[in-house]
Amino acid sequence: HARKQSSQSAHRGHRLGIDPLILDSLTIAVLAAELAAHHVGQYIRRAHADDAGLDMLLGVDGAGDPATLLQLRFGPHGSLKLASGGQIHAGVGRTRYLEGARIDSIAAVAGDRVLQLQLSRIDAASQRTHGLLHVVLIPPYFRAVLVSQLHGRILGVWAGGTDRHAPAHGTSYVAPASPAD
């Protein structure tokens with residue numbers, strides 16, 4: 001059974017979680033709509049990744065505002081969880097591409113098990129850049145892939161250390177094959 005609660009409950013300290021066994025494109029579409037209703041226009045304040053998962057602290061552009069922790073866990077028992085508050089360390093490496101990015105939209109990829117977050121941020125040259133963060137929810141390969149909308153190449157890949165199917169940084173993004181729902 002899905003362990004899904006409204007985002008309002010998640011913001012009061014409860015968790016929003018999706019069991020990987022019930023993931024199908026319809027469930028992911030509902031999840032995307034719920035996330036979009038509460039998080040479009042917010043920023044990724046911090047991001048941290050290791051072999052276990054990717055954590056992103058979401059919030060409006062103000063340090064005193066409440067934040068939401070989005071946790072993607074990798075591997076065959078992967079999960080996606082949303083919780084109110086939380087602390088994470090500043091990212092290193094490619095997670096810095098995520099930090100400070102504004103969430104412009106959140107949608108499900110039609111007929112697939114992928115959430116797509118459209119992000120924008122100001123680069124070092126003070127130019128607005130755009131990227132797509134693909135959150136792949138296909139067991140056993142839960143992962144996140146950041147793709148430049150300008151040239152379609154992969155800027156960052158966050159996956160478990162044993163995920164030999166994860167795409168390579170710098171290559172063109174190809175959507176993963178999804179098992180039939």
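Model, not experiment: these values are computed from the prediction.

Engineer: I'm lost on the layout of surface pockets in this one. Help?
Structural biologist: Empty pockets left among the atoms are what a rolling probe the size of a water molecule brings to light. Looking at the largest pocket, its volume works out to about 340 Å³. Residue lining of the largest pocket: 15 residues in total, with Thr129, His130, Gly131, Ser148 and Leu155 positioned closest to the centre. Breaking the lining of the largest pocket down by element, the ones donating at least two residues are strand 7 (114-122), strand 8 (128-136) and strand 9 (143-148). When its residues are assigned to classes, the lining of the largest pocket shows six nonpolar, seven polar and two charged. Put simply, the second largest pocket is a space of about 170 Å³. Lining the second largest pocket are 14 residues, with Arg143, His165, Pro167, Val174 and Pro176 positioned closest to its centre. Of the residues that constitute the lining of the second largest pocket, the class distribution is 11 nonpolar, two polar and one charged.

Engineer: Sorry if this is basic, but what is going on with empty space enclosed by the protein here?
Structural biologist: Summed over all chains, the structure comprises one cavity of 30 Å³ or more. The space that makes up the largest cavity amounts to roughly 60 Å³. The wall of the largest cavity is formed by Leu35, His39, Leu58, Leu70, Leu80, Ile106, Leu115, Leu117 and Val135. Of all the secondary-structure elements, those providing two or more residues to the lining of the largest cavity are helix 2 (25-39) and strand 7. Of the residues assigned to the lining of the largest cavity, the class counts are eight nonpolar, one polar and no charged.

Engineer: Sorry, what's going on with the pairing of strand 9 here?
Structural biologist: Strand residues, when the strand is regular, have side chains that alternate between the two faces of the sheet. Of all six residues in strand 9, six are buried; the element is thus mostly enclosed. Alternating residues of strand 9 divide into Arg143, Val145 and Val147 and Ala144, Leu146 and Ser148, and every residue in both groups is buried. The sheet contact formed by strand 8 and strand 9 spans six bridges and is antiparallel. Looking at the pairing, Gly131 lines up with Ser148 of strand 9. What sits between strand 8 and strand 9 in their antiparallel hairpin is a turn of six residues.

Engineer: Just checking my understanding: could you explain helix 2 for this structure?
Structural biologist: Compared with an ideal rise of 1.5 Å per residue, which puts 15 residues at 21 Å, helix 2 spans 20 Å between its outermost C-alpha atoms and is within 8% of the ideal. Considered for burial, the residues of helix 2 that qualify are Ser25, Thr27, Ile28, Leu31, Ala32, Leu35 and His39. The buried side chains of helix 2 occupy one side of the element, clustering within an arc of 145° when seen end-on. In helix 2, those exposed residues whose orientation departs by more than 90 degrees from the buried face are Leu26 and Ala37. Of the residues trailing helix 2, Gly41 is marked for its positive phi of about 95°.

What counts and how
Residues numbered from 1 in each chain as written. Predicted model: local features only at pLDDT ≥ 70, side-chain atom pairs only at ≥ 80, totals over all residues. Heavy atoms only, no water. 1 Å grid on protein atoms, 1.4 Å probe; cavity = no way out; pocket = protein on both sides within 12 Å on 5 of 7 lines; lining within 4 Å. Points joined across faces, edges and corners; volume = space filled by probe spheres on them. Helix = DSSP H or I, 4+ residues; strand = E, 2+ residues; numbered from the N terminus. Nonpolar A, V, L, I, M, F, W, Y, C, P; charged D, E, K, R; others polar. Buried < 20%, exposed > 50% of the residue type's maximum accessible area, 1.4 Å probe, protein only. Pairing = 2+ DSSP bridges. Expected span 1.5 Å × (residues − 1). Arc of directions from axis to C-beta.

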